[in-house]
Amino acid sequence: MIKKVELLSPAGDLERLKIALLYGADAIYIGGQEYSLRANANNFSLEEIKEATSFAHKLDKKVYLTLNIVFHNEDLYGVYEFIKKVVDAKIDAFIVSDPFLVKYIKDNFDVEVHLSTQASTTNLEAIKFWKEENVDRVVLAREVSIKEIKEIIDKIDIDLEVFIHGAMCTFYSGRCCLSNYFTNRDSNRGGCAQICRFAFDMDNYKEKFTMATKDLNMAEYLDKLIASGVKSLKIEGRMRSPYYLATVISSYRKLIDSYYNGTLNKDIIMKEEKILSRVANRETSTHYYMKKADYTDQYYTGRQEVSNQDYLGLILDYDQSNKLVTLTQRNYFKENDEVEIFTPSGNTYTFKIDKVYDENMNSIEVARHPEQIIKLNVDFPIEKNSMMRIKVK
């Protein structure tokens, strides 16, 4: 049986982790409450790491922990004890960028080490070096092309991981100091203020200047990445919502499965591209994969990031005898709206809303209060943790 490429999802907390795994991720990367580059995410306590690995392992899936800040002397306090505790919590791999951690972990524990994209690894000789240091997987720099990836894989046997979707750093695979200078928040120790997304006033120029990158989207060329021989396809976004993760993971799960069963075609790709375009609020590009990145891959003067209200509700329960769905409402919807429900198992159902009820079965015409408990008549059974959205046309 052919082993499929890994679909790797971020998760900023336990809720997101469980959603991503249920919607088709093979593995999750998370951050602890220290030593992680997403300090503003909720992140995971030690007890939550234990719960995360237990939940994932029951599904025969994996959890990786990011330990990828650029360490200064003051950051070393407690890191060795922390690593031991996380190993005892049965983490499957550490994602690290600092060489001393590679050696320490491999010398002391039987656990995988993945070299973070923060190490900016772009060439064959660097990968040979890291393999000699017993690194199990290299997360390539985001500035590498598919052609270069294939050249590397043809010459060395090591797991390679690449990003396929989400935000891109304006600077070399995350190594940026703008945040340090502008806000005194160290971007390489988890404090990035995303200065590259600021709009700057310029003397004698009426438009504001921006230098933000467009998001990455490799859905159209996923087959080429898989064919290159990479072992893991990584989604960006530990700060993203459960709905975003469910949508993106679900779409890429379908694309990957279609590739392996021989049914991937333009119609499937176009359908999933349309779904992906609705969940994001930035334009996308393929960046370095297909060509040298240029001005078309960035916003230089002005951009619009308009959030949509497609996400309507999270399914909490289905009453088979009364054919009633119970959901917690996220955005405005009403009677006669055409909606769809997509499920963790990969099914999508389209229907028109007939009646809307509150949790006490009082009829209401409009659901307009986020987090309100709503009930709807639905003629088919729906899985818990399914999500309702505006129909994608």
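Predicted model only: the values in this text are computed from it and were never measured.

As a further point, take the packing of aromatic side chains. Under the definition given, this model contains 11 aromatic pairs. Here the aromatic rings of Tyr 80 and Phe 100 are separated by 6.4 Å at their centres, their planes lie at 85°, and the arrangement is edge-to-face. In this pair, Tyr 80 is assigned in helix α3 (residues 79–88) and Phe 100 in helix α4 (residues 99–108), connecting sequence segments 20 residues apart. A ring pair is formed by Tyr 259 and Tyr 260, whose centres lie 5.1 Å apart and whose planes are at 85°; its orientation type is edge-to-face. Pairwise contacts between aromatic rings join Phe 71, Tyr 80, Phe 100, Tyr 104 and Phe 109 into one cluster. If you follow Arg 142 out to its NZ or CZ, it ends over the ring of Phe 163, 3.9 Å from the centre. Between the NZ or CZ atom of Lys 234 and the centre of the ring of Tyr 29, over which it lies, the distance is 4.4 Å.

Annotation of the chain at the domain level lists domain 1 (6–297) and domain 2 (311–390). If you average the C-alpha positions of domain 1 and of domain 2, the two centres end up 33 Å apart. On the domain 2 side, the residues contacting the 10 residues of domain 1 number 10 residues. Interface of domain 1 and domain 2: buried area, both sides summed, is about 940 Å²; carbon and sulfur atoms make up 62% of it. For the domain 1 face of the interface with domain 2, the top three residues by lost area are Leu 22, Tyr 23 and Tyr 243, together amounting to 58%. Joining domain 1 to domain 2, the criterion identifies 0 salt bridges. Along the contact surface separating domain 1 from domain 2 lie 3 residue pairs in polar contact (both at pLDDT 80 or more). At the level of elements, α1 (14–22) and α9 (242–261) are the ones that each hand at least two residues to the side of domain 1 that touches domain 2. At 6 residues, α9 tops the list of elements feeding residues into the side of domain 1 that touches domain 2. Grouping the constituent residues of the side of domain 1 that touches domain 2 by class yields 7 nonpolar, 2 polar and 1 charged.

The rules behind the values
- Residues numbered from 1 in each chain as written.
- Predicted model: local features only at pLDDT ≥ 70, side-chain atom pairs only at ≥ 80, totals over all residues.
- Heavy atoms only, no water.
- Phe/Tyr/Trp six-rings, centres within 6.5 Å; stacked < 30°, edge-to-face > 60°.
- Helix = DSSP H or I, 4+ residues; strand = E, 2+ residues; numbered from the N terminus.
- Lys NZ or Arg CZ within 6 Å of the ring centre and 35° of its normal.
- Domains from an automatic or database assignment.
- Contact = heavy atoms within 4.5 Å.
- Buried area = accessible area lost by both parts, 1.4 Å probe.
- Salt bridge = Lys/Arg side-chain N within 4 Å of Asp/Glu carboxyl O.
- Polar contact = N/O pair within 3.5 Å; in protein donor to acceptor, adjacent residues only side chain to side chain.
- Nonpolar A, V, L, I, M, F, W, Y, C, P; charged D, E, K, R; others polar.

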